[in-house]
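Next come the chains, spelled out residue by residue.
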Amino acid sequence: MGLSFPSLSSAGSSSLMFTLAAQNPSLKFPYFSIRLSYTARSEITFGGWNRARVAGTPRWYNASPGPNGIRTYWQMALSVPMVGGKIAAPLATHILDSGTTLIIAPPAAAATFWSNVAGAESYSDEFWTYPCNSPPDLSFGFSRGFATKWAVAESCASSSLAPAPLPVAS
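Definitions and cut-offs
- Residues numbered from 1 in each chain as written.
- Predicted model: local features only at pLDDT ≥ 70, side-chain atom pairs only at ≥ 80, totals over all residues.
- Heavy atoms only, no water.
- Helix = DSSP H or I, 4+ residues; strand = E, 2+ residues; numbered from the N terminus.
- Buried < 20%, exposed > 50% of the residue type's maximum accessible area, 1.4 Å probe, protein only.
- Contact = heavy atoms within 4.5 Å.
- Areas by Shrake-Rupley, 256 points an atom, 1.4 Å probe, with all protein chains shown as cover.
- Core = buried A, V, L, I, M, F, W, Y, C linked by side-chain atoms within 4.5 Å.
- Arc of directions from axis to C-beta.
- Phe/Tyr/Trp six-rings, centres within 6.5 Å; stacked < 30°, edge-to-face > 60°.
- Lys NZ or Arg CZ within 6 Å of the ring centre and 35° of its normal.
- Pairing = 2+ DSSP bridges.
- Polar contact = N/O pair within 3.5 Å; in protein donor to acceptor, adjacent residues only side chain to side chain.
- Salt bridge = Lys/Arg side-chain N within 4 Å of Asp/Glu carboxyl O.
- Patch = residues over 30% accessible without salt bridge, like charges linked within 9 Å, V, L, I, M, F, W, Y side chains within 5 Å.

A look at the overall build of the protein
Item 1. A count of helices and strands for the protein gives two helices and 11 strands.
Item 2. Listed by position from the N terminus, the elements making up the protein come as α-β-β-β-β-β-β-α-β-β-β-β-β.
Item 3. With 170 residues in all, the protein has 25% of them scored as buried.
Item 4. In the protein, 49% of the contacts between residues at least 6 apart in sequence involve partners at least 24 apart.
Item 5. Accessible surface for the protein amounts to roughly 11,100 Å². Of this, 57% is attributable to carbon and sulfur atoms.

Description of the nonpolar core
Item 1. Listed in full, the 12 residues of the largest apolar core are Val83, Ala88, Ala89, Ala105, Ala110, Phe113, Trp114, Val117, Ala120, Trp128, Tyr130 and Leu138.
Item 2. Look past the residues within four positions of Val83 in its chain and what remains in contact with it is Ala88, Phe113, Asn116, Val117, Pro136 and Asp137.

Examining helix H2 (residues 107–114)
Item 1. Residues of H2 that are buried include every one of Ala110, Phe113 and Trp114, and no others. Across the axial projection of H2, the buried residues extend over an arc of 90°, all falling on one side.

Remarks on the environment of Ala120
Item 1. Along the polypeptide, Ala120 turns up in the loop between H2 and strand S7 (121–122).
Item 2. For Ala120, the contacting residues outside a window of four places in its chain are Trp114, Thr129, Tyr130 and Pro131.

Thoughts on the packing of aromatic side chains
Each aromatic ring pair is specified by the distance between its two centres and by the angle formed by the two planes.
Item 1. Tallied over the entire structure, the rule returns 11 aromatic pairs.
Item 2. When the centroid spacing of 5.5 Å and the interplanar angle of 50° are considered together, the rings of Phe29 and Tyr31 count as tilted.
Item 3. Take Tyr31: its relative accessible area is 22%, and that puts it in the partly exposed class.
Item 4. On the basis of an interplanar angle of 5° and a centroid distance of 6.4 Å, the ring pair of Phe140 and Phe142 is categorised as stacked.
Item 5. Looking at Arg51, its charged tip hangs above the ring of Trp49, at a distance of 4.3 Å from the centre.

Description of the pairing of strand S3 (residues 75–83)
Here is the key point about a regular strand: its side chains alternate between the two faces of the sheet.
Item 1. Counted residue by residue, S3 has seven buried out of nine residues, so it is predominantly covered.
Item 2. Bridging between S3 and strand S5 (residues 92–95) involves three bridges; their strand directions are antiparallel. Opposite Gln75, over in S5, you have Ile95 as the bridge partner.
Item 3. Pairing between S3 and strand S9 (residues 138–142): five bridges, direction antiparallel.

Let's talk about the environment of Asn116
Item 1. Checked against the element boundaries, Asn116 lands in the loop between H2 and S7.
Item 2. When the C-alpha positions of Asn116 and Gly84 are compared, they lie 9.2 Å apart, and in sequence the two are 32 residues distant.
Item 3. What Asn116 contacts, discounting residues up to four positions off in sequence, is Val83 and Ala88.
Item 4. For Asn116, the side chain forms a polar contact with the main-chain oxygen of Ala88, separated by 3.0 Å.

Some points on the pattern of salt bridges
Item 1. With the rule as written, the count across this model stands at one salt bridge.
Item 2. Across the pair Arg53 and Glu43 runs a salt bridge whose closest N-O atoms are separated by 3.2 Å. Placement of Arg53 in the loop between strand S2 (43–46) and S3 and of Glu43 in strand S2 is noted, with a sequence separation of 10 residues between them.

A short note on a nonpolar patch on the surface
Item 1. Among the surface-exposed residues, Leu8, Tyr73 and Ile95 lie close enough to one another that they form a single nonpolar patch of about 260 Å² accessible area.
Item 2. Along the polypeptide, Leu8 turns up in the segment before helix H1 (16–23).

So, the side chain of His94
Item 1. Mapped onto the elements, His94 comes out in strand S5.
Item 2. Once residues within four sequence positions are removed from consideration, His94 is found in contact with Trp74, Gln75, Met76, Ser79, Val80, Pro81 and Phe140.

Printed below as a string of structure tokens:
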């Protein structure tokens, strides 16, 4: 189905949410929300959010345009990864993508991040591991002074090593 900005469409068309908003100018909430879960049903809501799944008021952040000023990915500027509540890599722009299964980072940023995780080791030129018996307390902070930290639950397979960010060329 695709939920990207129209500039990323390989068909040159608008995604569902952009089409709904354009065709319904009176749409009260021209956005979508996604709930991903391992233990319950995941869901997507168009034109709002499921209030039964949110405690309190949602916190909204502006999606940042790319370097050329065009919005492509759902991305957050002024973002940092944190380990144990402390900044673990340089300030960056992070892309939020519900279809991505890995955390991807430039090699130098990945090395800086993993140097802050106890027991982490380079598995290859592209992957890092950490001991599953002591997973890192990982979170992300997005602008606003990083007062709110968004936690990421650990995920370990049956082995004692877990795959981690796949660095890409910087």
